[in-house]
Structures are given as structure tokens and as C-alpha cells.
Amino acid sequence: MLFRTRLRRLALTAIALVTAVSALPPAASADSRDRNDQHPFGGGLSAVIRYTEYGIPHILAKDYASLGFGTGWAQAADQVCVLADGFVTVRGERSRYFGPDAAPDGSLSSATKNLSSDLYFRGIRDAGTVEKLLATPAPAGPGRQVKELMRGWAAGYNAWLKQRPITDPACKNADWVGPVTTLDVARRGFAVSVLGGQGRGIDGITAAQPPGQAPVGAPEAAATAKAARELFAAESADMGSNAVAFSGSTTASGRGLLLGNPHYPWQGGRRFWQSQQTIPGELNVSGASLLGTAVVNIGFNDKVAWSHTVATGVTLNLHQLTLDPADPTAYLVDGRPERMTKRTVTVQVKDGPPVIRTQWWTRYGPVVTSLGPTLPLPWSATTAYALNDPNASNLRASDTALAFGRSRSTDDVVRALRRTQGLPWINTIAADSKGHTLFTQSQVLPRITDELAQRCSTPLGRVTYPASGVAVLDGSRGDCALGSDEDAVQPGIFGPSKMPALKNAPYAENSNDSAWLANADRPITGYERVFGSIGTPRSLRTRGGIEDVAAMAGRGRLTVADLQKQQFANRVPAGDLAAADTAKACVALPDKSADLKQACDVLATWDRTMNPDSRGALLFDRFWRGLTASVPAAELWKVPFSAADPVRTPNTLNTASPGFARALTNAVAELRTAGIPLDAPLSEHQFVVRNDKRIPVPGGTEGLGVWNKVEPVWSPAVGYTQVVTGSSHVQAVGWDGGHCPVARTLLTYSQSSNPNSPHYSDQTELFSGERWVTSRFCERDIWRSPALKVVWVRG
């Protein structure tokens, strides 16, 4: 009966589409008639794409393969060059096309040069890693519907390449753009999955070679712990996010509300892309996808909305190997030698002979000699380090996202997480139309319990684990294996029952700190250190976010409009804590120069926001950066942190610190050198350039604690150049009892990277003006769009 109902709905929808398209003005449908004279749901893969304002596609298909086809076609239309560049990366061919010494854009790995990127991804390719994951039966491997989506995505991308000319100058006529396979799409998903694990150590994996005759020193424990803590800190990441869900007890409608504000790079392969995906009677979801992904990663449907924030869980651990005295490529486990696996990898190089390198793998994972330039892990005659990344066995993230899109409640979201267990490095925050909320840190983490770390940490690990959550276990002991949870879909990870979670709180918020204060009135405790810390200082963004959303929940009667106001409040928590004391102490400084006197006046009258017209925001930003970089956190405040009052402490700026006056005078000098007036409005100096036009960008930096986070690049000669990361796909979603969700969205950097596209900067202009896109979710709203353009695409 259900099958027949779905068929009937599909037939009615198809008839309605044909009727509606025939009634459209010629400009709306001529593009389709020229290419397709058959029914859009005819043989083979096909989809109907309805474009509305700002180039947002609403993709309608009869099955998952066809939905993937439409998604791949539409993504290629907007982002073909960025997508093609990513496929060159995961095929290990960057050196062949761009030379071995050039740097990748960093979107799919931490490699500093093309050669190391290629050595890693060619090694993954030669080992058949992704093929094995695709062949793994669900739930440990990807499900059939996700495989169909990936197959369709590749076919849609290839169809666009065949049917349309490339106009983007970034890859027009480039020999590195070509067809892709389902396996290429899966490889891209693998690269995203391991970003927090093997992806952090690519240079160290590909450079690892057995030691020579010269002695190699052991890493210094305190320095390594500090480097590990900084490596995994939110303030040093190029990705972050805020999200908050409000329960029905706080809203005007008695239904849930969700504001999602992910912070991602504005260029390259980790951009989001907007769409709506519909299979009548089966799936109807709107939101944003990471490029190259065939599912909606962050979004909403008519019953539930969700967003993600980058989690504090450490997605890797190290095993310290005791080497065989007779052979540095063999290690001991319970006294018995075990030889490393040698992988010889060949990379084709532009204008040069192939490069051949060797990689070394163990039962725990690859040997690694560093995690970035500040965290060396030397391979000596007695010791080496192997990196364990459980997400190297996880190709399930798209299954999780697809299950979210079909969910009807936050309880369904929980069930989806329990069943698929696919999220590698993110938290989930959700709300539903019945007024429920959810926060959960359900991610794939190595099963490092505090007991295991206590029992099996090496001397190095006894320092790194408490400081950063990075466990260094004794690889010579079989009893130090990670083990398994009964409810985990793969060995060596935590099962769903161990995940920190908070259900149905008045608000649930996360700004990239640990789960502890998702709601300050209902702290989450009892989880293992690898998930994150408890009872430690929170970032200014977390503190400011909690202050804001707790006050909103306390006021009650909230609507989507209140979420929109929060997104663009641009309040500076650091300014609220320190600006008055700074201005007061500034006046008392012995330096009585005109510049410093003006700086004191500017700081005293600054409105403590990062709004476009704010005067003094830029001066305080440069002062605060210099102060926090030069003054230790323990000396910055007079009132220290208290776990009993974590949102309001530490506080009261220590203006007596020797670094205070220096930071202030340096900030004044920086602006003068760059030719920037001390009271210049922010809009003149925080911007992006699109087709030679400066577009002002509102918001502030991580260090200032601004919810609407943006990070520009500073040049001493001219000041800030362009914003490179920050707020990306923003969504404010609620329900009012009608059939359609109430949703406002913004894709801050716009749909397309092509400067010749009409959607290269249109939403960026909206973001600049703090305006929103009204989502067209229901069919009637899609068809009423004044910008409607219907395209039938088929293979």
C-alpha cells in the first residue's frame, strides 16, 4: 500500500511539473526544451532542478541515484574548478599537474607541499583502502542508498562536463579537469573523514624513514604537550562553529528553534553549497553540503533542523613503539618482533622523473614523525610512533547525514546517530517542531578511557593526555589495545552509550568548547578526557554565546527573528570585559602623545561591537591580539577562573601587566603604519573583493569572542586584506504550526566560485548588509519564485 501511495504521489508530482513548466514564460523553460525532449523521469538517470533566488537549486528526482545525478550536475555548474582540484588531490596527482613543491589549498589535508599530499593519497589508493570500505557491509560500511547517491553524483558531474563549457578562468581549458568515478567521490569523503586524524599528520607519515647512524633525541614532554594542546585548540583551527537549539518552553510558538553558524574556509574544497533534495514520499531536505558530497550535511526538513560544531574530541592517538634492537623496521609486542609493512609509492611529477618513496605501516596505523612543525615525533633506533585514526575505517558520514534528512524528530536524530555512527569530528545540535532540543557529541573517537590512559600511557603520554587529550600508549603491550564497546559498529571506538548528550534543555549551545557547558544550568560530566575537558576555562566565544542564549531563553517568546538578531548582534565579549578598563588605564599611561590620547578617546567611545559602522573596533582588535599573544593567560586577569562560575570568570583586566602598555602602543603604531585612522569604521578595512569590488564584512575574530566570527589576514603595509574564513552557511529555522518550516538562510560567500557567475557574490552582498534569504521549502513557494528557472537534466 505504501509503495503504491508513493508511486501515485510521484506520478502526480511529475504531471504537475510538466504542466507547470509548460505554463512558464519562454525564458524559464527554453533552456530545458533545447536539450531534452523526453519526460524528465524517463530512462536512465535524470532530475528536475528548480532554481530560485540566489541560484539555489531544488532538486527533484525519482530515486537516490537520480537525486545524486542532479546534485552532481548542479554542484559542477557552480563549483567545477574547486571540485576538479579536489579530485586531483585525492587521486594523488597534484605534482603531475602543478609541480611537487607548490602548496595545496589545505582543504583536504594538512600537507604543506603537493608531493607529500600525493604520496599520502597515492598510498591510500594503492592499498585499496577506500575500495575495502565501500565493500564493507552496512552498518560498518556505507549503505546502499548512499552508494547510489555517490554513483549518481559522479554521473551528474560527468554529464555537466560533457554538456556545458567551463567559463571559470580558474580551470578553463585545463588538462586536469575530467570525468570522475564513484570511487573518486568516495575518496573525497574519506579525505574529509580523516581530516582530524591521519589528515593532520600527512607530512609526518610521508617523511617517516628508518633512522640512520646518528642518534635521534626523544621529544621533550612538556614542549610536546604544549604543542599538542595548541594543535587541537579551537583558536588555532580554520574551522569552528556556533549552534544553539531552543526548546518550546522558550519560544512564542511552543515549537523548537535552531540557529546554526558554522565557521569554515571561504575558499577551496571545504566550502558549503546550498540545495534542496526531494524524492517524493521518501526524502525532502534543505540545507548545505560540503563540496563533493551527495547529501545535505547541515539543514532542515518540515519537522527537524540540525547543525554541527567542530568537537573537542581528539580523533587520533599515538602508540609508542619499542623497536627490535636488530631492526628499526620491526617492533615488539609482548616481547615478540613484528615487522612493519613497507609501502612503496610512486608519484608522477611535472617536468621531472617519478618520485618513489617508502611508507611504513603497523598494526596501529602509519609510522609518523611529526604532527605539524611544532610537534616532532622522531624515529630513533629504539623508538617510533604509530598513528591510530579510527576514521580511516569510517565511510559512514553520508549515511548519518541522509538519516538526519529523513528524521521527523530529535529522537530520530539520536536513533540515526546510534545506527550509523558516522560523524568524524563534529557535535550535533538539533531542534524539532514539537519543541524538543538535542546536543550530543556523537563522534567516532579512539576508545581511550581514562583507565586505559592511566594504565598504558608512556612517560610522554602521561603529560600529553591530561593537557590535550592526545594519548600516547605503550605499543609494546598487547593489554594496551583499545578494545571494543558492544554497541559500536567498528572495533576500537566508543559506542553510542558513551557519548555526552543533553536532551530537552531550554537551550543547548556549543561554540567549539567541550560538552561540559552545552547548558550552563545543566552541566554535562562523566565523560572520558579524550572527549574534552571539564571544569576548565572556556573561550570568550563560548562565554559570550552562553550569556546571549541564556538571556534569550530567559526572556522567552522567541521567534526566528530573534535568531537573526543574535547572528548579527556582533557583540564583542572581550570588549565588554576589558574595553572600559583599557580606556581608563590608557589615560593614565605616561606616554602623552597625540596618537595615544586619541586612542584613549576612541576606545572610550567604542560601542563594543564589530558592526560595519563601528569606530574603534579595529583598534581594539589589534590591541587585543597583541595583548593576548604577549601576556600569559594566568597574568591577563585579576580575577582568576573559577569552575563554580565558568561563564563570568576570569575577569577584570590586569592593566598593570608590563605587556599592556606595549600592546596598546603597538596597536596604534600598526594602524598608523598601515595608514588607517584610529577611528576608522570597520567597514572600510574588513572586506572581501569580488570582481574588483570591495564588499564590507561584519563580524569579529575568535580572540574577541564574537558569535559572527570572521578571520581576515593582516598585512603591515595596508592593514587587513581579505576575510579567509568564518561564518559560512547560516540558518535560522523554526515552525509556526503550518506545513512549511520558517527558515532564513545565508551562504556568506555565495554559491559559485566562478567570477563569471551571477551567483559569485550575490549572497555576500546580503551578508554585508546583514540581510537574509527566505527559504522556499514547500512546492508552492518554489513555484512562486520570481527568479524561477527549471532545468531537466539527464545523462
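Residues numbered from 1 in each chain as written. Predicted model: local features only at pLDDT ≥ 70, side-chain atom pairs only at ≥ 80, totals over all residues. Heavy atoms only, no water.

**Student:** So what exactly am I meant to see when it comes to the overall build of the protein here?
**Tutor:** The secondary structure content of the protein amounts to 23 helices and 30 strands. For the protein, whose C-alpha radius of gyration is 27 Å, the value lies close to the compact-globule estimate of 28 Å for 795 residues. Principal-axis analysis of the C-alpha atoms places the extent of the protein at approximately 75 × 70 × 55 Å. Residue burial in the protein is summarised as follows: out of 795 residues, 62% are buried. (Helix = DSSP H or I, 4+ residues; strand = E, 2+ residues; numbered from the N terminus. Rg over C-alpha atoms; globule rule 2.2 N^0.38 Å. Buried < 20%, exposed > 50% of the residue type's maximum accessible area, 1.4 Å probe, protein only.)

**Student:** Sorry if this is basic, but what is going on with the nonpolar core here?
**Tutor:** Membership of the largest hydrophobic core comes to 172 residues, with the highest contact counts inside it found for Val-80, Tyr-157, Val-177, Phe-190, Phe-246 and Ile-448. Among the elements that line this core, the one with the most residues is helix 3 (residues 64–90), at 15 residues. Each residue touching Tyr-157, except ones within four places of it in the same chain, is listed here: Gly-72, Trp-73, Ala-76, Val-80, Leu-83, Ala-84, Phe-87, Val-177, Gly-178 and Val-180. By size, the runner-up hydrophobic cluster in this structure holds 42 residues, among which are Ala-578, Leu-619, Phe-620 and Tyr-720. (Core = buried A, V, L, I, M, F, W, Y, C linked by side-chain atoms within 4.5 Å. Contact = heavy atoms within 4.5 Å.)

**Student:** Got a minute to help me understand the pattern of salt bridges in this structure?
**Tutor:** One pass over the full model with this rule turns up 32 salt bridges. Ionic pairing is found between Arg-363 and Glu-338, a salt bridge with its closest N-O pair at 2.8 Å. Here Glu-338 lies in strand 11 (residues 336–339) and Arg-363 lies in the loop between strand 13 (355–362) and strand 14 (365–366), a separation of 25 residues in the sequence. The exposure class of Glu-338 is partly exposed, given its relative accessible area of 24%. (Salt bridge = Lys/Arg side-chain N within 4 Å of Asp/Glu carboxyl O.)

**Student:** What is the right way to read helix 3 from this model?
**Tutor:** Because an α-helix completes one turn every 3.6 residues, residues spaced three or four positions apart along the sequence face the same direction. Given a rise of 1.5 Å per residue, 27 residues ought to cover 39 Å, yet the end C-alpha atoms of helix 3 are separated by just 24 Å, more than 12% below that figure. By the largest-angle criterion, Gln-79 marks the main kink of helix 3, which is about 100 degrees. Burial analysis of helix 3 places 26 of its 27 residues in the buried class, which makes it a mostly covered element. One side-chain oxygen of the residue at the start of helix 3 lies 3.4 Å from the amide nitrogen of Ala-65, identifying that residue as Asp-63. Positive phi appears at Gly-92, one or two residues downstream of helix 3, with a value of about 70 degrees. (Expected span 1.5 Å × (residues − 1). Bend = angle between axes of the 7 residues up to and from the residue. Polar contact = N/O pair within 3.5 Å; in protein donor to acceptor, adjacent residues only side chain to side chain.)

**Student:** How should I be thinking about the sheet that holds strand 12 (residues 341–347) in this particular structure?
**Tutor:** Pairing in this open sheet of three strands is antiparallel, and the strands run 12-13-14 from one edge to the other. Each of the sheet's edge strands pairs with one partner strand only, and the pair in question is strand 12 and strand 14. Two strands pair when backbone bridges link them, and strand 12 and strand 13 are joined in this way by seven bridges, in the antiparallel orientation. Bridge pairing in strand 13 places Thr-346 opposite Ile-356. On the sheet, helix 5 (residues 114–126) packs against strand 12 and strand 13 and is oriented at approximately 120 degrees with respect to strand 12. (Pairing = 2+ DSSP bridges. Axes fitted to C-alpha atoms, helices over the stretch in contact; angles between N-to-C directions.)

**Student:** I keep staring at the side chain of Asp-474 and nothing clicks. Help me out?
**Tutor:** The residue Asp-474 is located in strand 18 (residues 472–474) in this model. This buried residue, Asp-474, is left without a salt bridge; Arg-477 holds the nearest opposite charge, at 4.6 Å. Asp-474 has contacts with Gln-320, Cys-456, Thr-458 and Cys-480, leaving out every residue within four places of it along the chain. (Lys, Arg positive; Asp, Glu negative; His and termini not counted.)

**Student:** Just to check I follow, could you spell out the packing of aromatic side chains for this structure?
**Tutor:** For any pair of aromatic rings, the description consists of the separation of the ring centres together with the inter-plane angle of the planes. Tallying each qualifying case throughout the model produces 24 aromatic pairs. Taking 5.0 Å as the distance between ring centres and 85 degrees as the angle between the ring planes, the aromatic pair formed by Trp-714 and Tyr-720 counts as edge-to-face. Since its relative accessible area comes to 19%, Trp-714 is described here as buried. Grouped by ring-pair contacts, the aromatic residues Trp-606, Phe-620, Phe-623, Trp-624, Trp-637 and Phe-660 constitute a single cluster. The residue whose ring lies beneath Arg-343 is Trp-361, and the NZ or CZ to ring-centre distance is 3.8 Å. Lying over the aromatic face of Trp-714, Arg-622 brings its terminal NZ or CZ to 4.0 Å of the ring centre. (Phe/Tyr/Trp six-rings, centres within 6.5 Å; stacked < 30°, edge-to-face > 60°. Lys NZ or Arg CZ within 6 Å of the ring centre and 35° of its normal.)

**Student:** Is there a simple way to think about the layout of surface pockets in this case?
**Tutor:** Empty pockets left among the atoms are what a rolling probe the size of a water molecule brings to light. The volume enclosed by the second largest pocket comes to roughly 700 Å³. For the lining of the second largest pocket, the secondary-structure elements that each account for two or more residues are helix 6 (129–135), strand 13 and strand 15 (383–388). If you tally residues by element for the lining of the second largest pocket, the top one is helix 6, at three residues. When grouped by side-chain class, the residues that make up the lining of the second largest pocket number 14 nonpolar, 15 polar and seven charged. (1 Å grid on protein atoms, 1.4 Å probe; cavity = no way out; pocket = protein on both sides within 12 Å on 5 of 7 lines; lining within 4 Å. Points joined across faces, edges and corners; volume = space filled by probe spheres on them. Nonpolar A, V, L, I, M, F, W, Y, C, P; charged D, E, K, R; others polar.)

**Student:** Looking at this structure, how should I read the sheet that holds strand 17 (residues 437–440)?
**Tutor:** One key point about sheets: their strands pair by backbone hydrogen bonds, in either a parallel or an antiparallel sense. As summarised here, the arrangement of the 10 strands in space is 19-17-16-8-7-6-5-2-1-30, forming an open sheet in which the pairing is mixed. The open sheet terminates on both sides in strands that have one partner only, identified here as strand 19 (501–503) and strand 30 (789–794). When strand polarity is set aside, the average angle formed by the axes of neighbouring strands in this sheet is 20 degrees. Pairing analysis gives eight bridges linking strand 5 (residues 272–279) to strand 6 (residues 283–290), with the strands arranged antiparallel. The residue of strand 6 that forms the bridge with Trp-273 is Ser-289.

**Student:** Just to check I follow, could you spell out empty space enclosed by the protein for this structure?
**Tutor:** Going through the model one piece at a time under the given rule, you end up with nine cavities of 30 Å³ or more. Its volume calculated, the largest cavity comes out at about 420 Å³. Contributing to the lining of the largest cavity are 31 residues, with Val-192, Thr-293, Asn-297, Ala-397 and Ser-398 lying nearest its centre. When contributions to the lining of the largest cavity are tallied by element, the ones reaching two or more residues are helix 7 (144–163), helix 8 (182–193), strand 8 (304–310) and helix 11 (397–405). Ranked by residue count, the leading element in the lining of the largest cavity is helix 8, at seven residues. By residue class, the composition of the lining of the largest cavity is 21 nonpolar, eight polar and two charged.

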